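Residue strings, one per chain:
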Amino acid sequence: MPEAFQVAIIGSGPAGLSAAARAAALGMSHVLIEKADHLSDTIFKYQKGKHVMATPSSLVLRSDIDFDAGKREFVLDTWNEQTDGHKVNVAYNAEIASITGEKGDFLLKTKSGTEFRAASVVVAIGTQGNPNLVRCPVGEGAVVQYQLDDPGEYIDEHIVVIGAGDAGIENAMGLASDPQQRNTVTIVNRSADFATAKAANVAALRAMEAEGRLIVRIETTASAIDKGEITLDTRDGEVKIPCDRVIARMGSAPPRAFVEGICAKFEEKDGKKAIVAGTGVQFTSPDRVAYPKLSPTFESTVPGVHVIGALAGYPLIKHCMNQGYDVIEFLNGNRDLKPADEPILAAKFARLPGNRSVDDWLAIFGQNILIFQDVSPLQLRELMLDSQVHAFAAGEVIFARNDTGSSMFAIAQGSVGVEVNPDDPSITVPIGQGSIFGEVGLISGRRRGATIRAAEPVVAIELSRTAALKLLATSPGASRAVTRISIERQLLQMFGSGLTSQDVAPLVDSAEVMQVRAGEVVIAEGGDDKDVFIVRRGSMIVEKQIGGRQVFLSYLPAGSYFGEMAVIDGAPRSASVKAAIKSEIIRLPGDGFMALLASNPKLRERALSDMASRREVNAFVESRKNSFGSAVDMYSETAQFLVDNGIGEATDVLLIDEKLCVGCDNCEKACADSHDGLSRLDREAGRTWAHLHVPTSCRHCEHPHCMADCPPDAIRRGPDGEVFIDETCIGCGNCQRNCPYGVIRMDARPPAKPSLIQWLLFGRGPGPGEAPYAWRKKAAEAEGVERPKVAIKCDMCAGIEGGPACVRACPTGAAIRVAPEKFLSIARLESVE
Amino acid sequence: MASLPENDTDFHAARRASDHESFLVHRRMRWAKVAGALCLSAFLGYFLIDQQPRPNGGSWYGYTLGTIGLGLIVWLSLLGVRKRNMSEGRWSLKAWTSAHVYLGLSLIVIGTLHTGFQLGWNVHTLAWALMMLVIVSGLYGVAVYVLLPGQLSANRKETTRAQMIAALAAIDRQLKHAAQPLGREQSDLVIAALEQDVFGGGAWARLTGRYPNCATRRALCGLPDDFRTMADNTGPEERVRVLLRRRDAQLGQIRRHLRLKALLEVWLFVHIPATIALLAALFAHVTSVFYYW
Ligand SMILES: Cc1cc2nc3c(=O)[nH]c(=O)nc-3n(C[C@H](O)[C@H](O)[C@H](O)COP(=O)(O)OP(=O)(O)OC[C@H]3O[C@@H](n4cnc5c(N)ncnc54)[C@H](O)[C@@H]3O)c2cc1C
Ligand code: HEM
Ligand code: SF4
Ligand code: SF4
Ligand code: SF4
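Residues numbered from 1 in each chain as written. Chains lettered and ligands numbered in written order. Predicted model: local features only at pLDDT ≥ 70, side-chain atom pairs only at ≥ 80, totals over all residues. Heavy atoms only, no water.

## Overview of the overall build of chain A
Argument step 1. Summing up its helical and strand segments, chain A has 24 helices and 45 strands in all.
Argument step 2. By the compact-globule yardstick of 28 Å for 833 residues, chain A fits well, its C-alpha radius of gyration being 30 Å.
Argument step 3. Counting only C-alpha atoms and orienting by the principal axes, one finds that chain A spans roughly 85 × 70 × 70 Å.
Argument step 4. Going through the 833 residues of chain A one by one, you find that 54% of them count as buried.
Argument step 5. Put simply, of all contacts in chain A between residues at least 6 apart along the chain, 69% involve residues at least 24 apart.
Argument step 6. With an accessible surface of roughly 35,500 Å², chain A has 51% of that area assigned to carbon and sulfur atoms.
Argument step 7. Taken together, the 89 basic and 106 acidic charged side chains of chain A have centroids lying 1 Å from each other. (Helix = DSSP H or I, 4+ residues; strand = E, 2+ residues; numbered from the N terminus. Rg over C-alpha atoms; globule rule 2.2 N^0.38 Å. Buried < 20%, exposed > 50% of the residue type's maximum accessible area, 1.4 Å probe, protein only. Contact = heavy atoms within 4.5 Å. Areas by Shrake-Rupley, 256 points an atom, 1.4 Å probe, with all protein chains shown as cover. Lys, Arg positive; Asp, Glu negative; His and termini not counted. Charge placed at Lys NZ, Arg CZ, Asp CG, Glu CD.)

## Looking at the coordination of the iron atom of ligand 2
Expected angles at a metal are 109.5 degrees for tetrahedral coordination by four donors and either 90 or 180 degrees for octahedral coordination by six donors.
Residue and element names in this part refer to chain B.
Argument step 1. Taken together, the protein ligands of the iron atom of ligand 2 are His100 (NE2) and His271 (NE2), with distances of 2.0 Å.
Argument step 2. Metal-centred angles of 83 to 179° between the six donor atoms at the iron atom of ligand 2 mark the site as octahedral. Here His271 lies in helix H13 (residues 268-291) and His100 lies in helix H5 (residues 93-115), a separation of 171 residues in the sequence. The two residues His100 and His271 agree in class, both being buried. (Donors = N, O, S within 2.8 Å, 3.2 Å for Na, K, Ca; no water. Tetrahedral: all angles 85-135°; square planar, octahedral: opposite > 155°, others 65-115°.)

## Observations concerning a nonpolar patch on the surface
Argument step 1. Together, Ile757(A), Leu760(A), Leu761(A), Phe762(A), Leu70(B), Val74(B), Leu78(B), Val81(B) and Leu279(B) give the surface a local cluster of nonpolar side chains, amounting to about 800 Å² of exposed area.
Argument step 2. Among the elements of the structure, helix H20 (756-762) of chain A together with helix H3 (60-77) of chain B are those that each provide at least two residues to the nonpolar patch.
Argument step 3. With respect to the element layout, Leu279(B) can be found in helix H13. (Patch = residues over 30% accessible without salt bridge, like charges linked within 9 Å, V, L, I, M, F, W, Y side chains within 5 Å. Salt bridge = Lys/Arg side-chain N within 4 Å of Asp/Glu carboxyl O.)

## Some words on the interface of chain A and chain B
Argument step 1. Facing the 78 residues of chain A at the interface are 53 residues of chain B.
Argument step 2. For the pair chain A and chain B, the summed buried area comes to about 5,300 Å², and 53% of that belongs to carbon and sulfur atoms.
Argument step 3. For chain A, the biggest contributors to the area lost against chain B are Val662(A), Glu684(A) and Arg808(A); these three give 13% of the whole.
Argument step 4. Joining chain A to chain B, the criterion identifies two salt bridges.
Argument step 5. Between Glu658(A) and Arg156(B) there is a salt bridge, with its nearest N and O atoms 2.8 Å apart.
Argument step 6. In terms of residue count, the dominant contributor to the side of chain A that touches chain B is strand S39 (residues 682-689) of chain A (five residues).
Argument step 7. Residues belonging to the side of chain A that touches chain B are distributed by class as follows: 35 nonpolar, 21 polar and 22 charged. (Buried area = accessible area lost by both parts, 1.4 Å probe. Nonpolar A, V, L, I, M, F, W, Y, C, P; charged D, E, K, R; others polar.)

## Some thoughts on the nonpolar core
Argument step 1. Within the largest apolar cluster, 60 residues are counted, with the highest numbers of intra-cluster contacts made by Trp79(A), Ile99(A), Leu108(A) and Phe116(A).
Argument step 2. When residues of this core are assigned to their parent elements, the largest contribution, seven residues, is made by helix H1 (residues 14-26) of chain A.
Argument step 3. Setting aside residues up to four positions removed in sequence, Ile99(A) forms contacts with Ile10(A), Phe106(A), Leu107(A), Leu108(A), Val121(A), Phe258(A), Gly261(A), Ile262(A) and Cys263(A).
Argument step 4. Of all hydrophobic cores here, the second largest spans 39 residues; its members include Leu103(B), Ile110(B), Tyr145(B) and Leu264(B). (Core = buried A, V, L, I, M, F, W, Y, C linked by side-chain atoms within 4.5 Å.)

## Topic: the pairing of strand S19 (residues 266-269) of chain A
Argument step 1. With four bridges connecting them, S19(A) and strand S20 (residues 272-275) of chain A associate as antiparallel partners. When the bridges of S20(A) are listed, Lys269(A) appears paired with Lys272(A). (Pairing = 2+ DSSP bridges.)

## Regarding the site of ligand 1
Residue and element names in this part refer to chain A.
Argument step 1. As a matter of local geometry, ligand 1 sits amid 31 residues, with Glu34, Thr42, Tyr46, Ala310 and Pro315 nearest to it.
Argument step 2. In the environment of ligand 1, an oxygen atom lies 3.3 Å from a nitrogen or oxygen atom belonging to the backbone of Pro14.
Argument step 3. At a separation of 2.4 Å, an oxygen atom of ligand 1 approaches a polar side-chain atom of Thr42.
Argument step 4. A total of 1,000 Å² of accessible area belongs to ligand 1 in isolation, and the protein chains cover 92% of it.
Argument step 5. At three residues, helix H2 (residues 41-44) tops the list of elements feeding residues into the shell around ligand 1.
Argument step 6. Residue classes in the shell around ligand 1 are distributed as 19 nonpolar, seven polar and five charged. (Near = heavy atom within 4 Å. Polar contact = N/O pair within 3.5 Å; in protein donor to acceptor, adjacent residues only side chain to side chain.)

## What about the packing of helix H8 (residues 161-178) of chain B against helix H12 (residues 236-265) of chain B?
Residues and elements named next belong to chain B.
Argument step 1. Look at H8 against H12: their axes get within 10 Å of each other, and the N-to-C directions meet at 160°. What the angle tells us is that H8 and H12 run roughly antiparallel. Classified by chirality, the crossing of H12 by H8 is left-handed. From H8, Arg161, Met164, Ile165, Ala167, Leu168, Ile171, Asp172, Gln174, Leu175 and Ala178 reach across to H12, where they touch Val240, Leu243, Leu244, Arg246, Arg247, Gln250, Leu251, Gln253, Ile254, His257 and Leu258.
Argument step 2. Looking at the contact of H8 with H12 residue by residue, the class counts come to 13 nonpolar, four polar and four charged. (Axes fitted to C-alpha atoms, helices over the stretch in contact; angles between N-to-C directions. Parallel < 35°, antiparallel > 145°, perpendicular 65-115°, else oblique. Left-handed = near helix turned anticlockwise from the far one by under 90°.)

## Some thoughts on the packing of aromatic side chains
Argument step 1. With the rule as written, the count across this model stands at 15 aromatic pairs over all chains.
Argument step 2. With 5.4 Å between their ring centres and 20° between their planes, Phe533(A) and Phe562(A) make a pair best called stacked. You can see Phe533(A) sitting in strand S32 (residues 532-537) and its partner Phe562(A) sitting in strand S35 (residues 561-562), a full 29 residues away along the chain. Both residues of the pair, Phe533(A) and Phe562(A), count as buried.
Argument step 3. Taken together, the aromatic side chains of Phe43(B), Tyr46(B), Phe47(B) and Phe117(B) make up a single cluster linked through ring pairs.
Argument step 4. Taking NZ or CZ as reference, Lys273(A) lies 4.5 Å from the ring centre of Phe266(A), over its face.
Argument step 5. Note that Arg82(B) overlies the ring of Trp96(B), its terminal NZ or CZ placed 5.5 Å from the centroid. (Phe/Tyr/Trp six-rings, centres within 6.5 Å; stacked < 30°, edge-to-face > 60°. Lys NZ or Arg CZ within 6 Å of the ring centre and 35° of its normal.)

## Some points on the sheet that holds strand S28 (residues 451-454) of chain A
Residue and element names in this part refer to chain A.
Argument step 1. Pairing in this open sheet of four strands is antiparallel, and the strands run S23-S28-S25-S26 from one edge to the other. Strand pairing shows two members of the sheet lacking a second neighbour, strand S23 (397-399) and strand S26 (428-431), which therefore form its edges. Strand-to-strand twist in this sheet, taken as the mean axis angle between neighbours without regard to direction, amounts to 35°.

## A few points about unusual backbone geometry
Glycine aside, the phi torsion of most residues is negative, and most peptide linkages are trans.
All names here are of chain A.
Argument step 1. Not every positive phi belongs to a glycine, and Asn355 is a case in point at roughly 55°.
Argument step 2. In this structure, Asn355 sits in the loop between helix H8 (342-349) and helix H9 (358-368).
Argument step 3. For His691, which is not a glycine, the phi torsion comes out positive at approximately 65°.

## With respect to the sheet that holds strand S36 (residues 576-579) of chain A
Sheet strands pair via backbone hydrogen bonds, and the direction of the pair is either parallel or antiparallel.
All names here are of chain A.
Argument step 1. The four strands are arranged S31-S36-S33-S34 in an open sheet whose pairing can be described as antiparallel. Whereas interior strands pair on both sides, the edge strands pair on one side only; in this sheet they are strand S31 (521-523) and strand S34 (549-556). Along the sheet, successive strands turn relative to each other by an average axial angle of 35°, direction set aside.
Argument step 2. Sheet topology note: the S31/S36 ladder contains two bridges and is antiparallel. Along S36, the bridge assignment pairs Val521 with Lys578.

## A few points about the site of ligand 5
Argument step 1. Around ligand 5, the surrounding shell consists of Cys671(A), His675(A), Leu681(A), Cys794(A), Asp795(A), Met796(A), Cys797(A), Pro804(A), Ala805(A), Cys806(A) and Arg817(A).
Argument step 2. Classifying every residue of the shell around ligand 5 by side-chain character gives eight nonpolar, one polar and two charged.

## Considerations on the pattern of salt bridges
Residues and elements named next belong to chain A.
Argument step 1. For the structure shown, the criterion picks out 47 salt bridges over all chains.
Argument step 2. Residue Lys103 pairs with Glu299 through a salt bridge whose shortest N-O separation is 3.8 Å. Taken together, the positions of Lys103 in the loop between strand S6 (96-102) and strand S7 (105-110) and Glu299 in the loop between S20 and strand S21 (305-307) put the pair 196 residues apart, joining distant regions of the chain.
Argument step 3. Through salt bridges with shared partners, one network takes in Lys338, Asp341, Glu342, Asp359 and Arg381.

## Overview of the domain arrangement of chain A
Residues and elements named next belong to chain A.
Argument step 1. For chain A, the assigned domains read domain 1 (4-127 + 255-331), domain 2 (144-253), domain 3 (342-507), domain 4 (513-627) and domain 5 (639-749 + 787-832).
Argument step 2. Taken over C-alpha atoms, the centre of domain 1 sits 36 Å from the centre of domain 3.
Argument step 3. Approximately 1,100 Å² of surface area, both sides summed, lies buried where domain 1 meets domain 3, with 67% of it carried by carbon and sulfur atoms.
Argument step 4. Run the count over domain 1 and domain 3 and you get zero salt bridges.
Argument step 5. In this assembly, domain 1 and domain 3 are joined by two residue pairs in polar contact (both at pLDDT 80 or more).
Argument step 6. Classifying every residue of the side of domain 1 that touches domain 3 gives eight nonpolar, six polar and one charged. (Domains from an automatic or database assignment.)

## Section: the side chain of Arg156(B)
Argument step 1. Structurally, Arg156(B) is set in helix H7 (residues 149-156).
Argument step 2. Take Arg156(B): its relative accessible area is 3%, and that puts it in the buried class.
Argument step 3. A distance of 2.9 Å separates a polar side-chain atom of Arg156(B) from the backbone oxygen of Glu684(A).
Argument step 4. Apart from the residues lying within four places of it in its own chain, the contact partners of Arg156(B) are Glu658(A), Glu684(A), Thr688(A), His693(A), Met164(B), Gln253(B) and His257(B).

Written out as structure tokens, the structure reads:
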């Protein structure tokens, strides 16, 4: 029987380490269990010399272990030293595989069978997870590794990389890039295409293959790995090739399954082992980004099991360390400890009336606001850190029509009025306590559609777009509430001011949210179905058959609705609508729609007259039917090309008309000169079709992929719809990996250059444009301050009067920035012809 | 069929303010109209105003034209600064270039009328001649700006310059390998091709795209398709030949790229120095006029 500890802490990242140090300082009997043979594996695996950042700076560090911004090596050395100094009891090489038992007596078992007993458990295993292992037999002496630190390390070897995602491709290319190393590199992919990798990586891999620098094997799997040899299953049968080293990059399994299985009961379901509902550690929703349900003391749904750190939804090192300290204090019986972010929240709430404490306000928010109803107090705290609170006097404008802003508001106290008619502010529609407004901002950085005024004194919470999206992903209740409200408002907007929410309620009830794949047809031309659709996310393209050809009519971004014409005038579908990219649409059944029109004859009449303008495009197409020739083909193909290159999810994209571009690179130079000396666009790179070039530059996606995994939430959407990265970026590179268009670069901001005059007159400095790497390096060394590498991308020249510098600096008019819905409209053909 | 979200695109459009049109037709050729009007009034003035004793730079009308011309030239020269100075504000280089081209052309009329057709061998005529040189080179510039970009794009075929160079390096590595089994004479040819500085040949070669001493070509000639060995067209010679042809094609693309870029830039080597000389000549012209008044 192993010795029983008061607390077992799993994972020695910043969270676990800080917890263990606190336990040691308090004299609690403890064990810190780490699967690696060193502390803090996530940080250990950062790139050598990486500058670790200590954000947010307003948060104080509360831990027995020091942490300050600095080089990775320095941070790790400090932690190793202080762990020893505190006499922390660490068990290395111990990967916990199961946890059973109950509060007061847990049994933790490692993979190799070692056991630990503890009264409480703190889970701090981060979100990195475990790499997926090769499933074929591995013979004695064979080398299989799941990480590649330095591709320059290996020479004269036969290396097989398994898995052709981005990580595998980058590793294979790294190993093969220097012919001096004389490695024979083979990359093995199970399927025929490279669906999970970035297009740029695939293209580069294919280029290297064409040059004979590495071997790509598709539709191939490994069936056995032995010393010096690997057996591959290919389409043409079994093949054996020499192999000294296998690098397996087949993704990693998130730790969620392990966490859910903690103290869970299992049952047999459809032949598989499944967790009995209501047992184990529960998560807030099935969504990928959801976190475990936690109490304010970090206790999970299994009493005695606590979850902290990145796994609890706090990915910054400082947060992690504070939580490690706090959780041990709680376990030690300290009930008065306020979380370290308390002063930040207190300062935020100070502007609200009534002099209430932070806890009071949190309780009020949680009770009053519909979308917060099933949000845990801990999650609410985190949400508040990313949000603003406001108090408005009666009559005060909260935001005005056409204001910029992409945040969402929730009314904690009071009510507001929406001025639905811009010409007559006296007509208002009320929104009451507990409800939300400004939710359209979640779709994209669109301007506000109407002015909103406080109808009485109001306390409101303003959630940033990122915070709101995270809330929707992790709280199914909030998601349902927002969906319902936004459908209702969309309908009211469609019909103008003539209707009330009661009128549209039946239609809202019957609305259905649907997911559509890229290319999936939603409406087929000639059909007589009568449903109406709203694009909630993604975008659609409208096409029409003309003379046997599919002609591209127009592009519908999120927020558009379509299909209403057939309902109103009863005619068959006049064109097809299909998804440009993976999208989410709302289907409103046609009969409900018709019932609504039937009961409102005036409404129907107005709808008919409103439609006149929408018919214009169709009329134009019909009138030109016979004269349509190559211009239309060209237009349709160009549109398709642009959609294939990500314009389908763009809100604003830089295009270069190569019939006008003289290659002066003034666009790049201007970009660099107006942005810290680094260019955010690569003019030459990128695809071209019919002289229309899509350079490597941010498309300001409707739903930016880059935002997905940013620990400090540094990527946000600005007032003009631009997606930008703020100064809290910690340089982890997640966004660079997540952007499918390869537009983010990681670089250090160089010191300022000598001025233009000095260059013109005395030739000082490197001149206009991005300075060469050598100059930047030298200048940075001369300056002597360390400049960390951070993520850098186009910000659409936000804050620069006059707008995008790249466009303004183009002498010939070749560089243009366009919104897809304007650029991809057949109406433009008139001017093209 | 469908409706776009309300009030969404217009404000973006206002901020972008980038209509898809070239500098020559910018804003319905606003600056062509301005320049045309300027020329027309200069002509009218020249023929309607009775200049005493005869039309020249010294009459009050001549002074007017001279002042306008000088102002224009100074402003036109400032394009070089504007282009390199990325400052905030609602200006666009396209608008500047548009105005530059058309107002620059109007100088032919204004400057020449200013002389009153009194040309001779002096600093005044030198200034006029330099101005004409700048203008003529500018005309060439506009011509290549209109004609060549399409070719540049077609030749590039989505590859960047760096990629072209990398592709060449890759072919070279394979060539080096493939040439090992060749005979002495033939491998010397390949080595000569590999060692040659492919971009050498000077400005003339770059502008014309002709590289008469190209060692790759010579190597190809030295390894002719030999009908007697046709049976063996997978042998080392054939491999080298294929690679040499690939190298030749790759070189061709790079050289066409360089040639087009050179043609697009070469005129600036006249336009800018001549502008500087013009400014100096104008300075001499103006001081001498006032000095000898
Ligand atoms: C490249 C990169 C750069 C970053 N840069 C910064 C930065 O500059 N500043 C910043 O604040 N944040 C940064 N972050 C985020 C930060 O590193 C993490 O969010 C943080 O390390 C999370 O801490 P943690 O203690 O929750 O988990 P982790 O640090 O992930 O630690 C988990 C530990 O648990 C161990 N473990 C996992 N499973 C088991 C098991 N079953 N049994 C036993 N042990 C187990 C792991 O080996 C690991 O040591 C960066 C992240 C990345 C990926
Ligand atoms: C006396 C009259 C003129 C002067 C002093 C003048 C001067 C200049 C200068 C200083 C530049 C900047 C070059 C650089 O820095 O890269 C320039 C550019 C240019 N000029 Fe002129 N110019 C004159 C007339 C013209 C005319 C008549 C034309 C056309 C018909 C013309 C066409 C151009 C063009 C196309 C550019 C290049 C713009 C660019 O690529 O940014 N110029 N000129
Ligand atoms: S960085 Fe990439 S993912 Fe992010 S908005 Fe730009 S193009 Fe989209
Ligand atoms: S901006 Fe990018 S690099 Fe910076 S923290 Fe976010 S994901 Fe990491
Ligand atoms: S819009 Fe501004 S930041 Fe973006 S590429 Fe152009 S110049 Fe650079």
